[in-house]
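# Commentary on secondary and tertiary structure
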Amino acid sequence: MNIKVLCDSMCDIPEEIKEKDYLEIIPLTINIDGKEYKDGVDFTKEEFYHILKTSENLPKTSQATYMQFKESFEKYVSEGYDVICFTGSSKASGTYQSATMAKNDVDGNIYIFDTLFLSLGSGQYVIKACELIEETDLSAKEIVDKLEEIRGSVNLFFVPFTLDYLKESGRLPSVVSFVGNMLNIKPICTMEDGKSKIVSKVRGTKQVASKLVDMILEANDNDLESKIITIGYGSNESDFEKLKEEVAKRVKAKKVFITRGGSCICSHTGPEILAISSSS
């Protein structure tokens, strides 16, 4: 195999995918109370959730840089590899532009794939690429073409359990956040054209898990048997147990992966989050 897969840390992927020896994660930078940390390198997800809950200021994320990508591209191309690089949505971060600029300055077969998603949605493309690498003889270019073909099958729904972080990051008006928290309303969000969007709401936490499963089933015409499902959470393990139960009870899928929300997504949603995604 002469293919290396890179993804930025906006792509939340399961541990068993992270362990692939042909995959590298390019970390974004997280600024917390004036100090800079490499996402997923300088702290674990659990440590980040604790930091998020105790920090006086909202963490800020900085895109992965041109040099981070260029150094990795040069290394792998010099070793004879073709490279497929996945980035979180170009509408949410400049990381795609950084990767593209680096690609243009390195001679080799390098393919930059804008997932137009974040978190579990972006991760679906990484999972599929790994599957194609291990189960087919497709070239890097052919794998990228296959991934373009499945764009319409990728879905993501996620629920932040508090609106405070969305308010602080400017993604939700203060009055909407105040009323939503007061009435215990949980927004169900998706991504459309590379940007997050609220598509539904539930009252209270008890309905969140069943509603997420309702929506992923509806998005797939109630047929998930040939699909790859990823379910995720942050610091709220008890809420995640309910989602696992709902999925086990109601979903028959080709494969179900589990992962946790990373620093990039949770910086904006807060540490308590549930999510579900699907792809062909």
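Because the structure is predicted, anything quoted here is derived from the model rather than measured.

## Regarding the packing of aromatic side chains
Taken as a whole, this structure holds 7 aromatic pairs when the rule is applied. Summarising the aromatic geometry, the rings of phenylalanine 69 and phenylalanine 73 are spaced 5.9 Å apart at their centres and angled 35° between planes, so their arrangement reads as tilted. Note that phenylalanine 69 and phenylalanine 73 are positioned in helix α3 (residues 66–78) at a spacing of 4 residues, about one turn of the helix. Side by side, phenylalanine 69 and phenylalanine 73 carry an identical accessibility label, which is buried. Seen in terms of ring centroids, phenylalanine 113 and tyrosine 125 are 4.9 Å apart; in terms of plane orientation they differ by 50°. Their pairing is tilted. Of this pair, phenylalanine 113 sits in strand β7 (residues 110–114) while tyrosine 125 sits in helix α5 (residues 119–135), and the two are 12 residues apart along the sequence. Judged on exposure class, the residue phenylalanine 113 and its partner tyrosine 125 are both buried. These aromatic residues form a ring-pair network of at least three members: Tyr37, Phe43 and Phe48. The aromatic ring of tyrosine 81 is capped on one face by lysine 4, whose charged end is 4.8 Å from the ring centroid. The ring of phenylalanine 257 is capped by lysine 255, whose NZ or CZ atom sits 5.2 Å from the centre of that ring.

## Focus on the pattern of salt bridges
Per the stated rule, a full pass over the model turns up 16 salt bridges. The closest approach of N and O atoms between lysine 197 and glutamate 192, which form a salt bridge, is 3.2 Å. Lysine 197 gets classed as partly exposed once you look at its relative accessible area, which sits at 37%. You can call glutamate 192 partly exposed: its relative accessible area is 47%. Connected via shared salt-bridge partners are Asp214, Glu246, Lys249 and Arg250.

## Regarding the environment of histidine 268
Along the chain, the position of histidine 268 falls in helix α11 (residues 263–269). For histidine 268, a relative accessible area of 18% corresponds to the buried category. Residues histidine 268 and threonine 87 lie 181 residues apart in sequence; the distance between their C-alpha atoms is 18 Å.

## A word on the sheet that holds strand β5 (residues 60–62)
Spatially, 3 strands are ordered β4-β3-β5 in an open sheet, and the strand pairing comes out antiparallel. Across the chains shown, the open sheet's two edge strands, defined by having one partner strand only, are β4 (35–38) and β5. Between one strand and the next, the sheet's axes are offset by a mean angle of 30°, whatever the strand orientation.

## A short note on the layout of surface pockets
Approximately 310 Å³ is the volume attributed to the second largest pocket. If you go around the second largest pocket, you meet 16 residues; those closest to its centre are Lys18, Ile25, Asp39, Gly40 and Lys45. Looking at the lining of the second largest pocket residue by residue, the classes come out as 6 nonpolar, 5 polar and 5 charged.

## Details of the confidence of the model for the protein
Overall, the predicted model of the protein reaches an average pLDDT of 90, with 92% of residues at or above 70. Across residues 172–180, where pLDDT falls below 50, the model places 12 contacts with residues more than four positions away in sequence or in other chains.

Reading the values: the criteria
Residues numbered from 1 in each chain as written. Predicted model: local features only at pLDDT ≥ 70, side-chain atom pairs only at ≥ 80, totals over all residues. Heavy atoms only, no water. Phe/Tyr/Trp six-rings, centres within 6.5 Å; stacked < 30°, edge-to-face > 60°. Helix = DSSP H or I, 4+ residues; strand = E, 2+ residues; numbered from the N terminus. Buried < 20%, exposed > 50% of the residue type's maximum accessible area, 1.4 Å probe, protein only. Lys NZ or Arg CZ within 6 Å of the ring centre and 35° of its normal. Salt bridge = Lys/Arg side-chain N within 4 Å of Asp/Glu carboxyl O. Pairing = 2+ DSSP bridges. Axes fitted to C-alpha atoms, helices over the stretch in contact; angles between N-to-C directions. 1 Å grid on protein atoms, 1.4 Å probe; cavity = no way out; pocket = protein on both sides within 12 Å on 5 of 7 lines; lining within 4 Å. Points joined across faces, edges and corners; volume = space filled by probe spheres on them. Nonpolar A, V, L, I, M, F, W, Y, C, P; charged D, E, K, R; others polar. pLDDT = per-residue confidence, 0-100. Contact = heavy atoms within 4.5 Å.

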